[in-house]
Amino acid sequence: MAPSHVLKCCQKVLAWVPVAFIALVVAWSYYAYVVELCVFTISSTAEKVVYLVVFHLSFFMFVWSYWKTIFTSPASPSNEFCLSKADKEQYEKEERPESQQEILRRAAKDLPIYTTTASRAIRYCDRCQLIKPDRCHHCSACDICVLKMDHHCPWVNNCVGFSNYKFFLLFLMYSLLYCLFVAATVLQYFIKFWTLCHRKAAENCPQNELPDTHAKFHVLFLFFVAAMFFISILSLFSYHCWLVGKNRSTIETFRAPTFRNGPDKNGFSLGCSKNLREVFGDEKKYWLLPIFTSLGDGCNFPTRLVIMDPEQLTVSSQNEPAKSSGANQSFPTRPLSESQNRLLASDCQWVESGPEEENVKSVLRNCLESSIRRFVP
């Protein structure tokens, strides 16, 4: 036990190395820009003031969003997705996968679950002993199930998921702006210092050039580092902007979620505008702030209507606005054209068996026809 415990402690410490590296680079960039460039190199007071104000604004937003991405705990499924004590004991006693799936289907009957595994089985985590909500995955690094998990990022030493995905996007955006601003404002001094590299005496320099001081090395490296990070972050930020527009996670891009009618990579897409609101919320004044405003509770997501089953219309008619984790936020009600019937073990699971079965089916079909007339002009 002792060696295993020591190994886990070492892994936890080493996991902070990438974060410490980023922190050191950011701290050095702050010193190089504020002290070496603005204080010792730039002579114009007006230029200094403008550069320092804009720099500190972008620096503050970058650090704030980075901090929130790192220290926001990943959201886990609520207790309603955990098996009851009796079901858990029965599940552990059963050896046949078919019997275990029957237990899971019975437990998941009243849960807002629309996706399955590729083999049409209920998604269950043996490690956490719970039924996985849609878009939820188990992170081996964090050893928990994470709601709407996108990926585990070593640069923030945290899982990027429902609770901090907005912060992660803002972190990428503000780090991009930070690098762009630093590289753009340093460029002219980079060129001047570069032309000064072969000159040793300051008195031999033309008036439009700068003296050969130790600030030269900070300015030269600052431009290279800012440009390098800008290029690398630009591709990552562009990719995640595309994911937001499609309402997909990184995991779903490589493995499409399986719905009742089969795999559908666009199953959760509601259109670019609604996809954007699902991540950033309804109030646009909070979009650029690293404050949680995402819609929903992370366990239940609106889906596109793929197949309308008249025998399951009662489920669609019972859709309610999902809870919102943000203050005064409500998840938009699922309209008929953006709803997905609940995943059922069999086609007739919601229809009571017996002599009244045909009457129930007839009533449901009538409800379907009236709903279509209501929503279709």
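Residues numbered from 1 in each chain as written. Predicted model: local features only at pLDDT ≥ 70, side-chain atom pairs only at ≥ 80, totals over all residues. Heavy atoms only, no water.

Observations concerning the overall build of the protein chain
Broken down by element type, the protein chain carries eleven helices and eight strands. Classification of the 377 residues of the protein chain by burial places 45% in the buried group. Accessible surface, the protein chain as shown: approximately 20,400 Å² in total, 62% of it carbon and sulfur. (Helix = DSSP H or I, 4+ residues; strand = E, 2+ residues; numbered from the N terminus. Buried < 20%, exposed > 50% of the residue type's maximum accessible area, 1.4 Å probe, protein only. Areas by Shrake-Rupley, 256 points an atom, 1.4 Å probe, with all protein chains shown as cover.)

Things to note about empty space enclosed by the protein
Under the definition given, this model contains two cavities of 30 Å³ or more. The wall of the largest cavity is formed by Lys148, Asp150, Gly161, Phe162, Tyr165, Val244, Asn247, Arg248, Ser249, Asn275 and Val279. Residues that form the lining of the largest cavity fall into these classes: four nonpolar, four polar and three charged. Within this model, the second largest cavity holds a volume of roughly 60 Å³. (1 Å grid on protein atoms, 1.4 Å probe; cavity = no way out; pocket = protein on both sides within 12 Å on 5 of 7 lines; lining within 4 Å. Points joined across faces, edges and corners; volume = space filled by probe spheres on them. Nonpolar A, V, L, I, M, F, W, Y, C, P; charged D, E, K, R; others polar.)

A word on the UniProt feature "transmembrane region" (unreviewed entry) in the protein chain
In the numbering adopted here, UniProt assigns the feature "transmembrane region" (unreviewed entry) to residues 13–33, 49–67, 167–191 and 217–239. Along residues 167–191, the helical share is 100% and the strand share 0%, with 35 Å between the first and last C-alpha atoms. (UniProt positions renumbered as here; feature names shortened; annotations may be inferred.)

Concerning the nonpolar core
Core analysis: the biggest nonpolar cluster contains 48 residues, and Tyr33, Phe55, Tyr165, Val182 and Val186 have the highest contact counts within it. Secondary structure elements with two or more residues in this core: α2 (17–39), α3 (45–71), α6 (165–195), α7 (215–246) and α9 (272–280). In terms of residue count, the dominant contributor to this core is α6 (17 residues). Phe81, Ala108, Tyr124 and Phe162 belong to the second largest nonpolar core, which has 23 residues in total. (Core = buried A, V, L, I, M, F, W, Y, C linked by side-chain atoms within 4.5 Å.)

A short note on the pattern of salt bridges
Going through the model one piece at a time under the given rule, you end up with six salt bridges. The salt bridge involving Glu102 is made with Arg105; its shortest N-O contact spans 3.9 Å. In this pair, Glu102 and Arg105 are both assigned in helix α5 (residues 97–108), three residues apart and thus about one turn of the helix distant. Of the residues examined, Glu102 reaches a relative accessible area of 44% and is grouped as partly exposed. Close ionic contact of Arg135 with Glu278 constitutes a salt bridge, the shortest N to O distance being 3.6 Å. With Arg135 in the loop between β2 (130–131) and β3 (137–139) and Glu278 in helix α9, this pair connects stretches of sequence that are 143 residues apart. (Salt bridge = Lys/Arg side-chain N within 4 Å of Asp/Glu carboxyl O.)

Side note on unusual backbone geometry
Of note in the backbone geometry, Arg120 takes a positive phi value of approximately 70 degrees without being a glycine. According to the relative accessible area criterion, Arg120 is partly exposed, its value standing at 43%. The phi dihedral of Asn157 is positive, around 50 degrees, even though this residue is not glycine. Along the chain, Asn157 falls in the loop between β5 (151–153) and β6 (158–160).

Some remarks on the confidence of the model for the protein chain
Of the residues in the protein chain, 75% reach a pLDDT of 70 or more, and the chain-wide mean stands at 81. Mean pLDDT in the protein chain bottoms out at helix α10 (residues 313–317), which sits at 39, and peaks at α3, which reaches 97. Of the regions scoring below 50 in pLDDT, residues 306–357 engages in 119 contacts with residues more than four places distant in sequence or in other chains. (pLDDT = per-residue confidence, 0-100. Contact = heavy atoms within 4.5 Å.)

Things to note about α2
Residues that lie three or four places apart on an α-helix share one face, since the helix turns once every 3.6 residues. Counted at 1.5 Å a residue, the expected span for α2 with its 23 residues is 33 Å, and the 31 Å between its end C-alpha atoms agrees. Remark: the principal bend of α2, roughly 25 degrees, maps to Ala32. Looking only at α2, the buried set comprises Val19, Ile22, Val25, Val26, Ser29, Ala32, Tyr33, Val34, Glu36, Leu37 and Cys38. Packing partners of the buried residues in α2 comprise α3, α6 and α7. (Expected span 1.5 Å × (residues − 1). Bend = angle between axes of the 7 residues up to and from the residue.)

A word on the environment of Ala108
Locating Ala108 in the fold gives a position in helix α5. Its relative accessible area of 7% is what places Ala108 among the buried residues. Ala108 sits 26 residues away from Cys82 along the chain, and the two C-alpha atoms are 9.8 Å apart. Beyond its immediate sequence surroundings of up to four residues, Ala108 is in contact with Ile113, Ile122 and Ile131.

Overview of a nonpolar patch on the surface
Residues Val49, Val50, Val53 and Val54 make up a contiguous nonpolar surface patch of roughly 330 Å² in combined accessible area. Mapped onto the fold, Val49 is located in helix α3. Given the relative accessible area of 48%, Val49 is considered partly exposed. (Patch = residues over 30% accessible without salt bridge, like charges linked within 9 Å, V, L, I, M, F, W, Y side chains within 5 Å.)

Describing the packing of aromatic side chains
The description of an aromatic ring pair uses the distance of the two centres, along with the angle that the planes make with each other. Counted by the stated rule, this structure contains 26 aromatic pairs. On the numbers, 4.7 Å between centres and 20 degrees between planes, the contact of Tyr66 with Phe171 is stacked. Taken together, the residues Tyr66 in helix α3 and Phe171 in helix α6 connect sequence positions 105 residues apart. With a centroid separation of 5.2 Å and an interplanar angle of 55 degrees, the aromatic rings of Phe259 and Phe268 are classed as tilted. Owing to a relative accessible area of 2%, Phe268 belongs among the buried residues under this scheme. Ring-pair connections join several aromatic residues into one group, and the members of that group are Tyr30, Tyr33, Tyr51, Phe55, Phe59, Phe62, Tyr66, Phe168, Phe171, Tyr178 and Phe181. One Lys or Arg, Arg135, reaches over the ring of Phe268 and ends 4.4 Å from the middle of that ring. A cation sits over an aromatic face here: Arg135 above Phe301, 5.1 Å from the ring centre. (Phe/Tyr/Trp six-rings, centres within 6.5 Å; stacked < 30°, edge-to-face > 60°. Lys NZ or Arg CZ within 6 Å of the ring centre and 35° of its normal.)

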